[in-house]
Amino acid sequence: MSTDTPRSVRFPDPDPLSMEADALAQDARRYYGHEWAGDAGGGDPLDAYRALALALRDRLVERWRATSAAVASADARQAYYLSLEFLMGRTLNNVLLNLGFAESADPALRKLGVALETLIDAEPDAGLGNGGLGRLAACFLDSCATLQLPVTGYGIRYEYGMFRQRIEHARQVEEPDHWLRGGNPWEIERPADTRRVRFRGYTEFRPDAKGRMRAAWLGTEDVLAVPCDVPVPGYRNETVNGLRLWRALATDEFNLGEFNAGSYTESVAAKNAAENITMVLYPNDASENGKELRLRQQYFLASASLQDVVARWVARHGSDFSRFAEKNRFQLNDTHPSCAVPELMRILMDEHDLDWDTAWEIVTRTTAYTNHTLLPEALEKWSVRLFGQLLPRLLEIVYEINARFLTEVERRWPADHEQLARMSLIEEGPEPQIRMAYLAIVGSFSVNGVAALHSDLLKQGLFADFHALWPEKFNNKTNGVTQRRWLVAANPGLSKLVTETIGDAFATNLDALRALRPHAEDAGFRQAWRRVRRANKDRLSAVVRQCCGVSFDPDALFDVQVKRIHEYKRQLLNILHVVHLYLRLKDGADRDPVPRAVLIGGKAAPGYFMAKRIITLVCKVAEMVNGDRRIGDRLRVAFLPNYRVSAMEVIAPATDLSEQISTAGKEASGTGNMKFMMNGAVTIGTLDGANIEIREEVGDENFFLFGLTATEVEETRRHYDPEAIIRQDADLAAVMALIESGFFNRFEPGLFDPIVQAIRNPQDPWLVAADFRAFVDAQARAAAVWRDPEAFTRMSILNTAASGKFSTDRTMRDYNADIWGLPTVDPRGRTRP
Ligand code: 26Q
């Protein structure tokens with residue numbers, strides 16, 4: 001062996017790849033032929049999809065490197081979006097669109113005998129999230145790349161994503177989602193950037209060379225974090241940002257130690273415990289309390305990501321942290337990554353010698369926190385005992401943060417012990433708990449809610465004490481969705497019509513849709529609009545037939561509610577209305593009814609009893625209604641199994657009526673509401689979350705509003721008497737009577753008792769009975785407008801036209817203007833502050 005081996009070996013950079021569609025198709029062909037899977041000859045579309053993905057990835061990588069180089073050479077401030085969830089869905093079509101192959105890819109592939117659509121449908125969803133919060137993170141990444149903001153996502157590469165939902169005997173059955181089985185052609189593993197995350201052990205304090213006490217975290221159980229990078233392309237702008245997902249890997253010495261102790265097999269088996277950290281996404285979209293593995297995931301993400309950023313800083317600037325705060329921003333997606341606050345303190349103090357005050361200054365100048373919930377029971381708490389066992393060094397830091405914080409509270413409210421107890425990061429009691437939201441607020445310079453009402457309610461309610469102390473920290477950032485995925489890609493028919501009418505600017509400037517307004521008065525345009533929507537409804541009908549065995553008449557009013565199943569979202573109210581319509585049809589009360597197709601979809605957390613029972617009720621009502629020959633196709637009901645990102649891409653463009661009917665004051669924002677609106681659905685909704693802003697934008701006359709306001713909800717709770725409401729409302733009484741008669745559960749007596757009891761309970765927090773009458777009336781108004789196709793079409797067009805505000809491009813500009821302050825970086829040159 002030669003002793004003068006060079007320390008590094010490099011090939012020169014490859015020549016740029018052609019951006020011609022034919023060249024892309026040829027590269028896909030080559031990948032297909034050379035990959036072992038490709039010549040299996042089975043014709044599995046998955047193999048062809050992978051080949052095309054790899055050909056595209058090469059083109060993404062070129063731009064990714066150029067973008068990183070441009071950001072580095074501009075020495076630009078960067079933001080890091082820390083999130084336990086990135087609900088990316090499928091990637092292929094999005095990459096084709098953003099790289100400019102939208103029109104050309106299919107014809108080029110067809111010359112080789114391959115239909116693009118087949119490849120698109122072969123891709124599994126990357127279901128690395130529960131719902132709104134996870135999908136929001138994915139939309140943010142798309143917009144940041146499109147706006148050329150230097151933002152990197154940090155998350156977890158779960159081996160198993162959100163469970164797959166099957167319906168069996170009207171019940172939800174969960175199946176593991178091994179989405180990586182066929183490999184993930186988009187990701188690039190980077191073992192060179194592996195980080196070490198420590199758990200358990202104990203701390204010792206020793207004086208360092210300068211005589212200062214330093215903490216040492218010893219006897220730890222370590223896990224390696226290996227990054228898998230996923231490219232995130234901007235829309236036709238040469239920018240490619242990154243999403244770095246961490247995978248847990250057992251350390252070698254961990255095994256070696258056990259091996260030397262003579263238990264080889266046990267040591268290899270112990271690898272599992274370490275690698276379990278990134279095995280599965282928690283499918284609970286409200287905090288699942290106290291699970292140690294979940295806390296491990298949260299710390300694993302926070303620690304690996306912060307170490308990554310700091311290591312890159314040190315590689316460039318050495319131990320000089322004086323400009324670290326100027327150059328970095330960390331956005332916490334809810335409290336899930338809030339270990340980042342004490343972890344950054346630990347890294348700066350214990351690993352880089354900074355003193356407390358300097359480190360704290362850095363943390364509180366770089367960290368910002370987004371809250372996504374108003375439900376007090378969903379605020380994350382961790383038992384001090386568990387936290388201290390798993391992360392002993394972090395607990396010490398949390399205690400110190402709290403001590404210093406309480407001193408500040410004491411200064412503001414002298415000798416007020418109740419105030420101190422209320423605001424303390426530690427909730428005292430038999431089992432003391434760390435209040436993660438308070439930790440996040442104290443450690444952040446910005447705290448934001450996700451819709452105007454939500455941000456106001458946070459200031460008045462949940463975080464009122466903190467708002468009184470630091471009013472300047474609090475702000476609102478109304479959510480959005482990316483129109484590239486949710487309009488341009490999901491609804492090509494409508495996009496084409498819009499482009500022919502007002503041009504294609506809306507792809508990067510959603511406000512441009514405003515120009516559609518005058519066309520709502522053009523009968524020819526309305527007809528074209530209906531034709532497009534009709535084709536979309538045909539497409540959804542085919543899916544519903546295939547997945548539910550229910551036939552929807554494409555001319556019916558498509559009335560859709562898809563979202564996680566939750567009592568506060570009130571799928572129950574929706575189904576009560578369906579039962580009401582059914583009764584009217586049976587009674588012949590409706591001589592000329594508007595034909596309706598009601599679609600409900602969504603997953604219930606596996607341990608959420610009521611949510612699962614509501615799914616069963618929906619399925620049973622669907623069974624009886626659809627099976628009743630007298631009803632015909634005047635009313636059809638279907639529960640769509642396994643609702644997910646790729647399902648919404650078919651659903652939103654085909655929906656006429658968007659159900660956004662949460663109890664006012666409970667839905668932080670909602671984002672499905674925006675996807676529907678953009679695609680021309682009209683909303684039936686309460687004054688909750690972003691519905692309020694949707695109505696403001698589109699006008700009251702184009703929105704079916706109903707129900708109690710958030711203030712009225714609080715008022716009503718004090719004297720709520722659902723029995724009286726049911727007694728006084730013959731329609732509601734009839735609906736309850738039919739359910740209580742066992743009509744929907746003939747062979748399973750008592751099945752729906754818990755649901756009936758919940759509705760009749762004066763303590764029902766969701767006030768289902770209180771809003772029934774208003775909901776039914778609003779539904780009747782919607783039906784009345786539907787009867788006049790021109791009027792409904794006008795509303796539909798005006799909804800799309802008014803949806804400009806709900807682009808995540810706007811949301812990201814707002815974050816950047818008020819929180820991040822990043823320059824835009826164009827890899828083709830120019831950096832603008
Ligand atoms: C926490 C701890 C332990 C286990 C699970 C969790 C957990 C996981 C996911 C808690 C909450 C979530 C997800 C919350 C969520 O999706 N919230 C929604 O966020 C959207 C984006 O801001 C809003 O539009 C919705 O209103 C809000 O419900």
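Residues numbered from 1 in each chain as written. Predicted model: local features only at pLDDT ≥ 70, side-chain atom pairs only at ≥ 80, totals over all residues. Heavy atoms only, no water.

J.: Could you give an account of the overall build of the chain, with specific residues and numbers?
T.: Secondary structure summary: the chain contains 33 helices and 27 strands in total. Taken over the C-alpha trace, the chain has a radius of gyration of 28 Å; the compact-globule value for 833 residues is 28 Å, and the two agree within 12%. Viewed in the frame of its principal axes, the chain has a C-alpha envelope of about 90 × 75 × 55 Å. Expressed as a percentage of the 833 residues in the chain, the buried residues total 58%. Within the chain, contacts between residues separated by at least 24 positions form 77% of all contacts whose residues are at least 6 apart in sequence. Surface accessibility of the chain: about 32,900 Å² in total, with carbon and sulfur atoms responsible for 51%. Both charge centroids of the chain, one from 101 positive and one from 113 negative side chains, sit 2 Å from each other. (Helix = DSSP H or I, 4+ residues; strand = E, 2+ residues; numbered from the N terminus. Rg over C-alpha atoms; globule rule 2.2 N^0.38 Å. Buried < 20%, exposed > 50% of the residue type's maximum accessible area, 1.4 Å probe, protein only. Contact = heavy atoms within 4.5 Å. Areas by Shrake-Rupley, 256 points an atom, 1.4 Å probe, with all protein chains shown as cover. Lys, Arg positive; Asp, Glu negative; His and termini not counted. Charge placed at Lys NZ, Arg CZ, Asp CG, Glu CD.)

J.: Give me the nonpolar core: which residues, what numbers.
T.: Formed by 140 residues in total, the largest nonpolar core has its most connected members in L56, L92, F387 and L391. If we ignore the near neighbours within four places in the chain, the residues touching L391 are R198, F199, W217, L295, Y299 and C339. Residues L573, L583, I600 and W766 belong to the second largest nonpolar core, which totals 73 residues. (Core = buried A, V, L, I, M, F, W, Y, C linked by side-chain atoms within 4.5 Å.)

J.: How would you summarise the sheet that holds strand β20 (residues 557-562) if you had to cite specific residues and measurements?
T.: Pairing within the open sheet is parallel, and its 6 strands lie in the order β22-β21-β20-β23-β24-β25. What marks the edges here is a single partner per strand, and that holds for β22 (635-640) and β25 (704-705). Two elements, strand β21 (residues 596-601) and β22, share 6 bridges in a ladder whose sense is parallel. From the neighbouring strand, V598 faces β22, where its bridge partner is V637. Against the sheet, helix α21 (residues 523-548) makes contact with β20, β21 and β22, and its axis sits at roughly 70° relative to β22, the strand it touches most. (Pairing = 2+ DSSP bridges. Axes fitted to C-alpha atoms, helices over the stretch in contact; angles between N-to-C directions.)

J.: A description of the packing of aromatic side chains should follow, citing residues and the corresponding values.
T.: What the rule picks out here adds up to 25 aromatic pairs. Ring plane angle 75° and centroid distance 5.5 Å describe the contact between Y81 and F140, whose orientation is recorded as edge-to-face. Residue Y81 is found in strand β1 (residues 78-82), and its partner F140 is found in helix α6 (residues 132-147); the two are separated by 59 residues along the sequence. Considered together, Y81 and F140 belong to a single accessibility category, that of buried residues. Here the aromatic rings of Y582 and F743 are separated by 6.0 Å at their centres, their planes lie at 35°, and the arrangement is tilted. With Y582 in helix α22 (residues 571-587) and F743 in the loop between α29 (730-740) and α30 (753-760), this pair connects stretches of sequence that are 161 residues apart. The ring of W413 carries the charged tip of R412 above its face, separated from the ring centre by 4.7 Å. Directly above the aromatic system of W470 lies the positively charged group of K473, at a separation of 3.5 Å from the ring centroid. (Phe/Tyr/Trp six-rings, centres within 6.5 Å; stacked < 30°, edge-to-face > 60°. Lys NZ or Arg CZ within 6 Å of the ring centre and 35° of its normal.)

J.: Provide a residue-level description of the environment of R200, including the pertinent values.
T.: Tracing the sequence through the fold places R200 in the loop between β8 (195-199) and β9 (202-207). Note on R200: relative accessible area 23%, which makes it partly exposed. When sequence neighbours within four positions are dropped, the list of residues in contact with R200 reads W217, T220, E221, E292, R296, Q389, L390 and P392. In terms of polar contacts, R200 uses its side chain to reach the side chain of E292, at 2.6 Å. (Polar contact = N/O pair within 3.5 Å; in protein donor to acceptor, adjacent residues only side chain to side chain.)

J.: For unusual backbone geometry, give the residues involved together with the corresponding values.
T.: Both trends apply: most residues other than glycine have a negative phi, and most peptide bonds are in trans. Phi at R200 is positive, roughly 60°, even though this residue is not glycine. The backbone of A415 sits at a positive phi, close to 60°, despite the residue not being glycine. By secondary structure assignment, the location of A415 is in the loop between α14 (392-412) and α15 (417-423).

J.: An account of the site of the ligand is requested, with residue identities and associated values reported.
T.: Taken together, 22 residues are adjacent to the ligand, and L133, H372, N479, E667 and G670 come closest. In the model, an oxygen atom of the ligand is placed 2.6 Å from a nitrogen or oxygen of the H372 side chain. G670 is positioned with one of its backbone polar atoms (N or O) 2.8 Å from an oxygen atom of the ligand. Relative to its unbound accessible area of 610 Å², the ligand is 93% covered by the protein chains. Here the element with the most residues in the shell around the ligand is α6; it accounts for 3 residues. Residue composition of the shell around the ligand, grouped by class: 6 nonpolar, 10 polar and 6 charged. (Near = heavy atom within 4 Å. Nonpolar A, V, L, I, M, F, W, Y, C, P; charged D, E, K, R; others polar.)

J.: Could you give an account of the sheet that holds strand β17 (residues 433-435), naming the residues involved and the relevant values?
T.: Strand order in the open sheet formed by 3 strands is β15-β17-β16, with antiparallel pairing between adjacent strands. Each of the sheet's edge strands pairs with one partner strand only, and the pair in question is β15 (381-383) and β16 (426-427). Relative to β17, β16 runs antiparallel, the two being bridged by 2 bridges. The residue of β17 that forms the bridge with E427 is Q433. Lying on the sheet, helix α16 (residues 436-443) is in contact with β15 and β17; it crosses β17 at an angle near 45°.

J.: Lay out the pattern of salt bridges with the relevant residues and their values.
T.: By the definition in use, this model includes 78 salt bridges. For E351, the salt bridge goes to R198, with nearest N and O atoms at 3.7 Å. Separated by 153 residues along the polypeptide, E351 in helix α11 (residues 340-351) and R198 in strand β8 bring together distant segments of the chain. Classification of R198 as partly exposed rests on a relative accessible area of 21%. Where D350 meets R393, a salt bridge forms, and the shortest distance between an N and an O atom there is 2.6 Å. Residue D350 is located in helix α11, and its partner R393 is located in helix α14; the two are separated by 43 residues in the primary sequence. R393 gets classed as buried once you look at its relative accessible area, which sits at 7%. Connected via shared salt-bridge partners are R190, D193, R195, D229, R244, D308 and R312. (Salt bridge = Lys/Arg side-chain N within 4 Å of Asp/Glu carboxyl O.)

J.: Describe the pairing of strand β13 (residues 328-333), with residues and values.
T.: Most of β13 is tucked away: 6 of the 6 residues are buried. The two faces of β13 match: N328, F330 and L332 on one face and R329, Q331 and N333 on the other face are all buried. Taken together, the 5 bridges between β1 and β13 define a ladder with parallel strand orientation. Its bridge partner being in β13, L82 is matched across the sheet by L332. Across 4 bridges, β13 lies against strand β14 (residues 367-370) in parallel orientation. When the sheet's bridge partners are listed, N333 is paired in β14 with T370.

J.: So what about the packing of α29 against α30? Which residues, and what values?
T.: With their axes 10 Å apart at the nearest point, α29 and α30 run at an angle of 155° to one another. When the interaxial angle is binned, α29 and α30 end up roughly antiparallel. The chirality of how α29 crosses α30 is left-handed. Facing M736, I739 and E740 of α29, the residues of α30 in contact are V756, I759 and R760. The class makeup of the residues in the contact of α29 with α30 is 4 nonpolar, no polar and 2 charged. (Parallel < 35°, antiparallel > 145°, perpendicular 65-115°, else oblique. Left-handed = near helix turned anticlockwise from the far one by under 90°.)

J.: Let's hear about the environment of W356: which residues, and what values?
T.: Tracing the sequence through the fold places W356 in helix α12 (residues 356-366). What makes W356 buried here is its relative accessible area of 13%. For W356 and A774, which are 418 residues apart along the polypeptide, the C-alpha to C-alpha distance reads 57 Å. Residues contacting W356, with those up to four places away along its chain left out, are M345, M349, I397, E400, I401 and R404.

J.: Let's hear about the packing of α12 against α14: which residues, and what values?
T.: Packing of α12 against α14 brings their axes to within 13 Å, and their N-to-C directions diverge by 85°. Judged on the interaxial angle alone, α14 and α12 are roughly perpendicular. Facing W356, D357 and W360 of α12, the residues of α14 in contact are I397, E400, I401 and R404. Along the lines of polarity and charge, the residues of the contact of α12 with α14 split into 4 nonpolar, no polar and 3 charged.

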